[in-house]
Number of protein chains: 2
Amino acid sequence: MILSQNKNIPLTIGILGGGQLAKMLSIEAYRLGLNVAIIEKGDNTPAGDMTKLNYTNGWFNTSDINEFIRISDIITLENEFIPITMLEYIETSKNIFPSSDTMKLVQDKYIQKMTFRNNSIAVPNFAEIKSLNALYNFAEIYGYPFIIKTRTLGYDGYGNMTINNENDCEIALNKFDGKSIMAEEFVRFEKEVAVIVARNISGEVAIYPCVETIQKNHICHKVIAPADVDASISNKAKDIAQKAVASINGIGVFGVEMFVTNDSKVLLNEIAPRPHNSGHYTIEGCYCSQYENGIRAILNLPLGSTEMKHKFACMINLLGENDGPGIPKDITNVLKFKHTKLHLYNKKQSRKGRKMGHITTIGDNYDEVLKEAEDCFNSIVW
Amino acid sequence: MILSQNKNIPLTIGILGGGQLAKMLSIEAYRLGLNVAIIEKGDNTPAGDMTKLNYTNGWFNTSDINEFIRISDIITLENEFIPITMLEYIETSKNIFPSSDTMKLVQDKYIQKMTFRNNSIAVPNFAEIKSLNALYNFAEIYGYPFIIKTRTLGYDGYGNMTINNENDCEIALNKFDGKSIMAEEFVRFEKEVAVIVARNISGEVAIYPCVETIQKNHICHKVIAPADVDASISNKAKDIAQKAVASINGIGVFGVEMFVTNDSKVLLNEIAPRPHNSGHYTIEGCYCSQYENGIRAILNLPLGSTEMKHKFACMINLLGENDGPGIPKDITNVLKFKHTKLHLYNKKQSRKGRKMGHITTIGDNYDEVLKEAEDCFNSIVW
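Residues numbered from 1 in each chain as written. Chains lettered and ligands numbered in written order. Predicted model: local features only at pLDDT ≥ 70, side-chain atom pairs only at ≥ 80, totals over all residues. Heavy atoms only, no water.

**Q** Which parts of the structure should I look at to understand the sheet that holds strand 5 (residues 126–129) of chain B?
**A** Think of a sheet as strands paired side by side through backbone hydrogen bonds, with each pair either parallel or antiparallel. Residue and element names in this part refer to chain B. With respect to topology, four strands assemble into an open sheet ordered 5-8-6-7, the strand pairing being antiparallel. On the outer flanks of this sheet lie strand 5 and strand 7 (160–163), each paired with one strand and no other. Put simply, the sheet's adjacent strands are angled 25° from each other on average, direction ignored. As defined by bridge partners, strand 5 adjoins strand 8 (residues 181–185) across four bridges and the pair is classed as antiparallel. Among the inter-strand pairings, isoleucine 129 is bridged to a residue of strand 8, identified as isoleucine 181. The strands touched by helix 5 (residues 109–118) within the sheet are strand 5, strand 6 (146–150) and strand 8, with strand 5 carrying the most contacts at an inclination of about 145°. Against the sheet, helix 7 (residues 166–175) makes contact with strand 5, strand 6, strand 7 and strand 8, and its axis sits at roughly 165° relative to strand 7, the strand it touches most. (Pairing = 2+ DSSP bridges. Helix = DSSP H or I, 4+ residues; strand = E, 2+ residues; numbered from the N terminus. Axes fitted to C-alpha atoms, helices over the stretch in contact; angles between N-to-C directions. Contact = heavy atoms within 4.5 Å.)

Here it is in structure tokens:
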């Protein structure tokens, strides 16, 4: 593909969303000499502050969305919650990747799981739930505890509930009244792993290493690359991730989260149709980051190497500890760690559990990398 | 230093200039969660396009410069040609690094060389030139050829002339009529080398590896890190670079260019009081780039490690080949090189010799790194 498409100016990448993922996408786009347009409600968003082409009334504002579409040569997104009708509207004039067809298969977690199951991809057992009886039936087959999830809009544990008994079933139905829900068996996993996959318009695929993700309170706390698992497991995970992205005809970059069970099964948990927290480490860790490959993919450029530059990388999220300013009180000590990179997202307000930044440590010694990451993490003053 | 200075918003770094150096500084500032303000004449500059805080009428426009100063918490620069009076004006209300005192010692190359000589730093022989006789005298002492330089505003060979005989002396005096000039002996160097030095407000210093710079038509073509020289030479170069920056009380990041003579002397050629082309390689090549350390330095934060991540790095400039669009016709092949990163500056117009982008290859095998960089460079289609 010719980058300029015979225009005398570089392409403008439009991004739906202005958070940290859009910010890190923007940085890679800028490095490649591209322009960036951001649409996101709010005057000061992490990515919106980085461009003049910032539409701050959000995508439901007709004049903003139309101007955003007009100025963008190609459009992508940083979150999966954009209404399909909006994506279809955009597609009447510009290409958006992932496409509305892909997003239809991802946005509703029940349809997502059905799609994977229909493509012979191993997933935990699940069922659509429309009544209390359906819940009791699910419990009878798979036992307690199990999980109820809203089919749409859930993230970081929001929209999930663990069901331990019949009483919980009733509570859950009331709690999620009016929402479409599904039930999913409780997977007793040994590890959670993830694989980032980029796939361009021609179908070329770049598969990143299988990494271990460690959650705290349902939010990603730490990522260790590569995951300390047998090659048979990591190969299985990479195979599942690649098949999952192909099964939804995904174009762009995708984060695929999986469970590794005690008996060495790998089950697909969820797919994110965008750069993913489990792939932050690729900025310092790999020759070509998930962000750069996301941009290459939607421009149908050759994908970059997913090879790691050093043997190991460890990423730790910096979560807000309470309501307050968006930046730490002191980063002096953080900056003293030699092999660790600090990323702060420039969010204007912090709140408990909000993703405010992250650190990534790289190196060739597993123990040293993990220790430096932990020590650095503990040195930040909020 | 506390990054927020007790304000509930992050600091804004103001940069005088909107070119590629400001762009790469901005990217690092953004990663650290800072805001960026750019003042540079013109609507579409590489760094100006990356922020809403872009003052496009330039620093001679009173309302623009005042608003730029007001919005910036701390100010730095990407070129050495800003009038001292402007820097002094800025200093009446905000800190700028490098300071006007430093810039006074750098901007005039005669004063620069005098300062270094007075601090026992080896420089080529030179003299102030105010008459034809002074030129003849210089020739008598040091012989032909020698170099005439304008004392201010020269770069990439502009403002330089090689003097081969008495006739050239007259031509040069006419050519540079009305400008302050100096003469400098012609150094028969074996190699040109450079060292990047960052120095923060507390005087902490970070010294990068000694690299070899290869010029074509007086413009940097290629940088090889580290330079293939004896340790005694590279240590001498690093020592000179550090002393040079200290001698001008430099705060920020500096590129120090030196000659290595046939008899293993190291002579300081010139200092650039800003991130330098010879330090582009530090983005991929070192744990902390010259751009990040430039920002840390002016915020008086601890400086990052200048250690190289791999044994070797090679940077090649992408210069415009003719007048035309600012981006290459085709980058497809460039992106196929696994260990090479492409940087395009998003300048709106190219012209012969203009710096439009660069590539950096990293790796542990000297020959492979140089070959990949050359092959990649040759694959770009303008």
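**Q** Sorry if this is basic, but what is going on with the relation of the copies chain A and chain B here?
**A** In this structure, two copies of a chain are linked by a rotation about an axis accompanied by a shift along it. Note on the identical chains: chain A maps onto chain B by a rotation of 180° and an axial translation of 0.0 Å, with an RMSD of 0.0 Å. Taken together, the rotation and translation relating the two chain copies correspond to the operation of a two-fold axis. The share of interface residues of chain A whose copies in chain B are also at the interface is 100%, consistent with both copies meeting through the same surface. (Least-squares fit on C-alpha atoms with pLDDT ≥ 70 in both.)

**Q** Sorry if this is basic, but what is going on with the pattern of salt bridges here?
**A** Between side chains of opposite charge, pairing is possible as soon as their charged atoms come close. Tallied over the entire structure, the rule returns 44 salt bridges over all chains. A:Glu128 serves as the salt-bridge partner of A:Arg151, at 3.1 Å between the closest nitrogen and oxygen. In this pair, A:Arg151 sits in the loop between strand 6 (146–150) and strand 7 (160–163) while A:Glu128 sits in strand 5 (residues 126–129), placing the two residues 23 residues apart along the sequence. Its relative accessible area of 31% is what places A:Glu128 among the partly exposed residues. In this structure, B:Lys371 engages B:Asp375 in a salt bridge whose closest nitrogen and oxygen atoms are separated by 2.5 Å. With B:Lys371 and B:Asp375 both in helix 11 (residues 366–379), this residue pair falls four residues apart, about one helical turn. Linked through salt bridges whose partners overlap, the residues forming this network are A:Glu28, A:Arg31, A:Glu292, A:Arg296 and B:Lys341. (Salt bridge = Lys/Arg side-chain N within 4 Å of Asp/Glu carboxyl O. Buried < 20%, exposed > 50% of the residue type's maximum accessible area, 1.4 Å probe, protein only.)

**Q** Is there a simple way to explain the confidence of the model for chain A in this structure?
**A** If pLDDT is low for a region, its predicted coordinates should not be looked at in detail. All names here are of chain A. For chain A, mean pLDDT is 94; residues scoring 70 or higher make up 97% of the total. Ignoring residues within four places in sequence, the model shows residues 1–8, a span with pLDDT below 50, making 20 contacts including any to other chains. Confidence metrics for the complex model read pTM 0.95 and ipTM 0.95. (pLDDT = per-residue confidence, 0-100.)

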